[in-house]
Amino acid sequence: MSDKLPTTWVPGLEGIVAAQTRLSRVDGQAGELIIAGFRVEELAGNASFEETVYLLWHDELPNAGQLTAFRQELAAQRELPQAALDLLRAATTKNVPVMDALRMATASLSLEATAISTIAEAQRDAIILAAKFPTIVAAYKRLLHGREPLLPRADLGHAANFLYMLSGERPSEERTRSLETYLNTVSDHGLNASTFAARVIISTQSDMISAVTGAVGALKGPLHGGAPGPALDMVFEIGEAGKAEPYIRAKLARGERLMGFGHRVYKVRDPRAEVLSLAAKRLYRVDGDMALYELAREVERTAVTLLAEYKPERKLQTNVEFYTALLLHGLGLDTGLFTPTFAIGRVAGWTAHCLEQLGDNRLFRPQSVYTGVKNRRWAPVEER
Ligand code: ACO
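First things first, this report covers the structure right here in the doc.

Observations regarding the overall build of the protein chain
Right, on to step 1. Broken down by element type, the protein chain carries 16 helices and three strands.
Right, on to step 2. Radius of gyration (C-alpha) of the protein chain: 22 Å, near the 21 Å computed for a compact globule of 384 residues.
Right, on to step 3. Dimensions of the protein chain, computed from the C-alpha atoms along their principal axes, are close to 70 × 55 × 45 Å.
Right, on to step 4. By sequence separation, contacts in the protein chain at least 24 residues apart represent 76% of the contacts at least 6 residues apart.

Examining the packing of aromatic side chains
Right, on to step 1. The tally for this structure, following the rule as stated, stands at six aromatic pairs.
Right, on to step 2. Aromatic side chains Phe196 and Phe364 sit 5.4 Å apart centroid to centroid with 90° between the ring planes, which places their arrangement in the edge-to-face category. In this pair, Phe196 is assigned in helix α9 (residues 193-203) and Phe364 in the segment after α16 (338-359), connecting sequence segments 168 residues apart.
Right, on to step 3. Looking at Phe364, the relative accessible area reads 18%, which means it is buried.
Right, on to step 4. For the pair Phe261 and Phe322, a centre-to-centre distance of 5.2 Å together with 50° between the ring planes defines the contact as tilted. Linking Phe261 in the loop between α12 (244-253) and α13 (271-287) with Phe322 in helix α15 (residues 320-330), this pair joins segments that are 61 residues apart in sequence. Pair check on accessibility: Phe261 and Phe322 agree, each one buried.
Right, on to step 5. A network of ring pairs unites the aromatic residues Tyr54, Trp57 and Phe70 as a single cluster.
Right, on to step 6. Taking NZ or CZ as reference, Arg153 lies 5.1 Å from the ring centre of Tyr164, over its face.
Right, on to step 7. In this structure, Arg384 is placed above the aromatic ring of Trp378, and the distance from its NZ or CZ to the ring centre is 4.9 Å.

Some details on the pairing of strand β2 (residues 32-35)
Along any regular strand, the residues point their side chains to alternate faces of the sheet.
Right, on to step 1. With four bridges joining them, strand β1 (residues 24-27) and β2 adopt antiparallel strand pairing. Within β2, the residue paired with Asp27 across the bridge is Glu32.
Right, on to step 2. Connecting β1 to the antiparallel partner β2 that follows it, the hairpin turn spans four residues, and Gly31 within it adopts a positive phi of roughly 70°.
Right, on to step 3. In textbook terms, the turn of a hairpin is the stretch between consecutive antiparallel strands, and for β2 and strand β3 (residues 38-39) this stretch comprises two residues, one of which, Ala36, has a positive phi near 45°.

A few points about the sheet that holds β2
Right, on to step 1. Pairing within the open sheet is antiparallel, and its three strands lie in the order β1-β2-β3. Sheet topology places β1 and β3 at the edges, where each strand pairs with a single neighbour.

A closer look at the pattern of salt bridges
Right, on to step 1. A complete count under the given rule lists 26 salt bridges for this structure.
Right, on to step 2. Note that Lys220 and Asp100 form a salt bridge whose closest N and O atoms lie 2.9 Å from each other. You can see Lys220 sitting in the loop between α10 (208-219) and α11 (228-238) and its partner Asp100 sitting in helix α5 (residues 98-108), a full 120 residues away along the chain.
Right, on to step 3. Residue Lys220 is classed as partly exposed on the basis of its relative accessible area, which comes to 37%.
Right, on to step 4. Residue Glu256 is joined to Arg254 by a salt bridge in which the shortest nitrogen-to-oxygen separation is 2.8 Å.
Right, on to step 5. Glu256 sits in the partly exposed class, given a relative accessible area of 31%.
Right, on to step 6. On the basis of relative accessible area, Arg254 is assigned to the exposed category, the value being 56%.
Right, on to step 7. Counted as one network, the salt bridges with shared partners bring together Arg25, Glu32, Arg39 and Glu41.

Section: the site of the ligand
Right, on to step 1. Taken together, the neighbourhood of the ligand is formed by 22 residues, with Arg257, Leu258, Phe261, Arg314 and Asn319 sitting nearest.
Right, on to step 2. Here Leu223 contributes a backbone N or O atom positioned 3.5 Å from a nitrogen atom of the ligand.
Right, on to step 3. One of the backbone nitrogen or oxygen atoms of Gly260 is found 2.9 Å away from an oxygen atom of the ligand.
Right, on to step 4. Coverage of the ligand by the protein amounts to 79% of the 910 Å² it exposes when considered alone.
Right, on to step 5. Broken down by class, the residue content of the shell around the ligand amounts to eleven nonpolar, five polar and six charged.

Conventions and cut-offs
- Residues numbered from 1 in each chain as written.
- Predicted model: local features only at pLDDT ≥ 70, side-chain atom pairs only at ≥ 80, totals over all residues.
- Heavy atoms only, no water.
- Helix = DSSP H or I, 4+ residues; strand = E, 2+ residues; numbered from the N terminus.
- Rg over C-alpha atoms; globule rule 2.2 N^0.38 Å.
- Contact = heavy atoms within 4.5 Å.
- Phe/Tyr/Trp six-rings, centres within 6.5 Å; stacked < 30°, edge-to-face > 60°.
- Buried < 20%, exposed > 50% of the residue type's maximum accessible area, 1.4 Å probe, protein only.
- Lys NZ or Arg CZ within 6 Å of the ring centre and 35° of its normal.
- Pairing = 2+ DSSP bridges.
- Salt bridge = Lys/Arg side-chain N within 4 Å of Asp/Glu carboxyl O.
- Near = heavy atom within 4 Å.
- Polar contact = N/O pair within 3.5 Å; in protein donor to acceptor, adjacent residues only side chain to side chain.
- Areas by Shrake-Rupley, 256 points an atom, 1.4 Å probe, with all protein chains shown as cover.
- Nonpolar A, V, L, I, M, F, W, Y, C, P; charged D, E, K, R; others polar.

Here's what the structure looks like:
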């Protein structure tokens, strides 16, 4: 056996640079996030989601004519193929969680997409994916509650149409703005686990639908995009001012993790938490329960203080998921919709990363260190 095999293993690839990208820059020490040249604080509250998607795909903001054409292009692709709707109906009979239904329906979009990954075909598939994600999530949610899905409305923008397809009501400007701010904030974030999964899949010259289906599966886990539901549950379980400390202390003493806190890259407060906390404050002031917002602030302060006490060397701070939960709750979304709504935003980044990878592709193929037994001798089954 060769002794020249690599032996250095970095668990979780922590600190390893596996791609270069023009899409986003995450500075975990400074707590800074740049999305396609803009600080997240600048982009999130100003752009419509369509502008952010265009920016990520084309590396420039659209002018007025380009934006109108792009909005129309996306709106024209919102409806689902019948087979996807049939699949969603079948999923309701097993009460499949929304994230799993989204993954299943995403895979079914191969019915409309192409299986060959030229960049032009991949771009077409990217439009199909971004346009249909809100329709899948809203249709499934309605079906789960025994209601028929609503047809998308081409006269509404991407974010407003999603809220409309969920509730049947045209959302207010304030609610639409809140959702756009959220979707923009989570649209891209360096080489996170789901984006890496998508890039690995597309690097085999597979196809965009496969890459994004894999990414949805990766996002689902509680260590990645699955945290906001439990984060909000914690706020509700605490329930009232003054009760956060004993509750959180007990959790940490049991060795449990606090969802919505800690990050592999950020060692200071996640800048997205700040953007979403301000967006939530605005929304709750106009149209929500300010007492809940204040309670969440108290829970955050207590959690950060106690994490510093219990894990002083870890620098655990609030991450994006904590205020995601509060903002999406304020928009009337239940916890089962939090991670799927994250996917509706992040699909912009996944598809942009796939396009970028295809533009300068090299197959991802790292190595592993073998830790198994060496020199086994074969024994016939009757001798084992
Ligand atoms: N609560 C309590 N302790 C924590 C937390 C937390 N939220 N996060 C990390 N720790 C502790 C771990 O228990 C561990 O302690 P130990 O060394 O004494 O055993 C130490 O900090 C390091 O933990 P790792 O898992 O090695 O740190 P990593 O960098 O891999 O963690 C992660 C990042 C997975 C996000 C982690 O902080 C976590 O589990 N957070 C809670 C889940 C969450 O909020 N996920 C959303 C992340 S944002 C996103 O993906 C969109």
